[in-house]
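Fold and contact review
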Amino acid sequence: GAAKPLSGRKVVVTSGPTVEPIDPVRFLANRSSGKQGHAIAAAAAAAGAEVTLVSGPVSLGDPAGVRTVHVETARQMLAAVEAALPADVAVMAAAVADWRPATETTAKMKKTPGSGPPALTLVENPDILATIGRHETLRPRLVVGFAAETNDLIANATGKLTRKGADWIVANDVSPATGVMGGDANTVRIVRADGVEDWPTLSKGDVAARLVAAIAEALSKADAS
Ligand code: C5P
């Protein structure tokens, strides 16, 4: 049959939330099912790519034909992504916690009667997309980020494109009324330096397939020029 559109390409995908420990029994995390990121990893593998999926804790199984690396924290996710380089393409679909507790206590924090709740001191996590998008030596040829927003979708996505050094931002409205969070459908807009492309509402599987097709086309165009 015909050659698969991503055969010979290496793709790294992040998916799911990161989980940042507070103590042995508590954590801080983002809300993310991993459905969109896992669907992208599966679609890239189906298109013939060699795929590394770096995933935070999700209730989904590992996609077939994909090397899946399981991580918990943002720092572990960054290390696993860097270990997967060089790659032709990076698609960063994980919902990475922006902050982590400054210290992880090895003993469970105790509720002491009369002393009130403890204060949590947070420190900033590394930005994985920005680190990869601005990587001096191993930047993938195509770096794709996501922007889940509840307002000012395009302005925020365009800001991320420049700030994080991404080539494309897949922007979606995650206002509660849309049902995107945890749901099976997604309405996205592809934001590039040269303009915005609106896609119809699709299943997360169809968004993944269409994104993978666009990635394959961009790579082969770049090869031809
Ligand atoms: O700034 P914001 O979190 O909205 O940006 C979303 C994009 O950045 C997503 O592609 C997400 O995977 C990525 N990101 C990241 N590391 C972070 C924060 C976000 O890779 N610490």
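Residues numbered from 1 in each chain as written. Predicted model: local features only at pLDDT ≥ 70, side-chain atom pairs only at ≥ 80, totals over all residues. Heavy atoms only, no water.

It is worth spelling out the site of the ligand at this point. For the ligand, the full set of nearby residues is Met-92, Ala-94, Val-96, Asp-98, Pro-126, Asp-127, Ile-128, Leu-129, Gly-145, Phe-146, Lys-160 and Lys-164. Between an oxygen atom of the ligand and a main-chain N or O atom of Leu-129, the distance comes to 2.8 Å. In the complex, 86% of the free accessible area of the ligand, which totals 450 Å², lies under the protein chains. Looking at the shell around the ligand, the elements with two or more residues in it are helix H3 (128–133), strand E9 (142–149) and helix H4 (153–164). Looking at side-chain class alone, the shell around the ligand contains seven nonpolar, one polar and four charged residues. (Near = heavy atom within 4 Å. Polar contact = N/O pair within 3.5 Å; in protein donor to acceptor, adjacent residues only side chain to side chain. Areas by Shrake-Rupley, 256 points an atom, 1.4 Å probe, with all protein chains shown as cover. Helix = DSSP H or I, 4+ residues; strand = E, 2+ residues; numbered from the N terminus. Nonpolar A, V, L, I, M, F, W, Y, C, P; charged D, E, K, R; others polar.)

Attention now moves to the pairing of strand E3 (residues 26–29). Bridging between strand E2 (residues 19–23) and E3 involves four bridges; their strand directions are antiparallel. Within E3, the residue paired with Val-19 across the bridge is Ala-29. Here E2 folds back onto E3, and the loop between the two strands holds two residues. (Pairing = 2+ DSSP bridges.)

Once that is clear, we can look at the pattern of salt bridges. Here the structure, examined in full by the defined rule, presents eleven salt bridges. A salt bridge links Lys-164 to Asp-127; the nearest nitrogen and oxygen atoms lie 2.7 Å apart. Pair noted here: Lys-164 is in helix H4 and Asp-127 is in the loop between strand E8 (122–124) and H3, with a separation of 37 residues, a long-range link. (Salt bridge = Lys/Arg side-chain N within 4 Å of Asp/Glu carboxyl O.)

The next subject is the nonpolar core. If you look at the biggest cluster of nonpolar residues, it comprises 34 residues, and the most contacted ones within it are Leu-6, Val-51, Val-91, Leu-211 and Ile-215. Breaking this core down by element, the ones donating at least two residues are strand E1 (10–15), helix H1 (35–46), strand E4 (50–55), strand E6 (89–92), E9, strand E10 (168–173), strand E12 (188–192) and helix H5 (204–224). Here Leu-6 is in contact with Val-11, Ala-44, Ala-47, Gly-48, Ala-49, Val-212, Ile-215, Ala-216 and Leu-219, once residues within four sequence places are set aside. Core analysis: the second largest hydrophobic core is formed by 25 residues, Val-71, Leu-78, Met-92 and Val-191 among them. (Core = buried A, V, L, I, M, F, W, Y, C linked by side-chain atoms within 4.5 Å. Buried < 20%, exposed > 50% of the residue type's maximum accessible area, 1.4 Å probe, protein only. Contact = heavy atoms within 4.5 Å.)

With that settled, the discussion passes to the UniProt feature "binding site: CTP" (unreviewed entry) in the protein chain. The residues that UniProt annotates with the feature "binding site: CTP" (unreviewed entry) are Asp-98, Lys-108, Pro-126, Asp-127, Ile-128, Leu-129, Phe-146, Lys-160 and Lys-164. For the annotated residues, spread through 67 residues, the largest C-alpha to C-alpha distance comes to 37.4 Å, inconsistent with a single compact locus. Assignment of secondary structure puts Asp-98 in the loop between E6 and strand E7 (99–101). When neighbours within four sequence positions are excluded, Asp-98 is seen to be in contact with Val-123, Glu-124 and Asn-125. (UniProt positions renumbered as here; feature names shortened; annotations may be inferred.)

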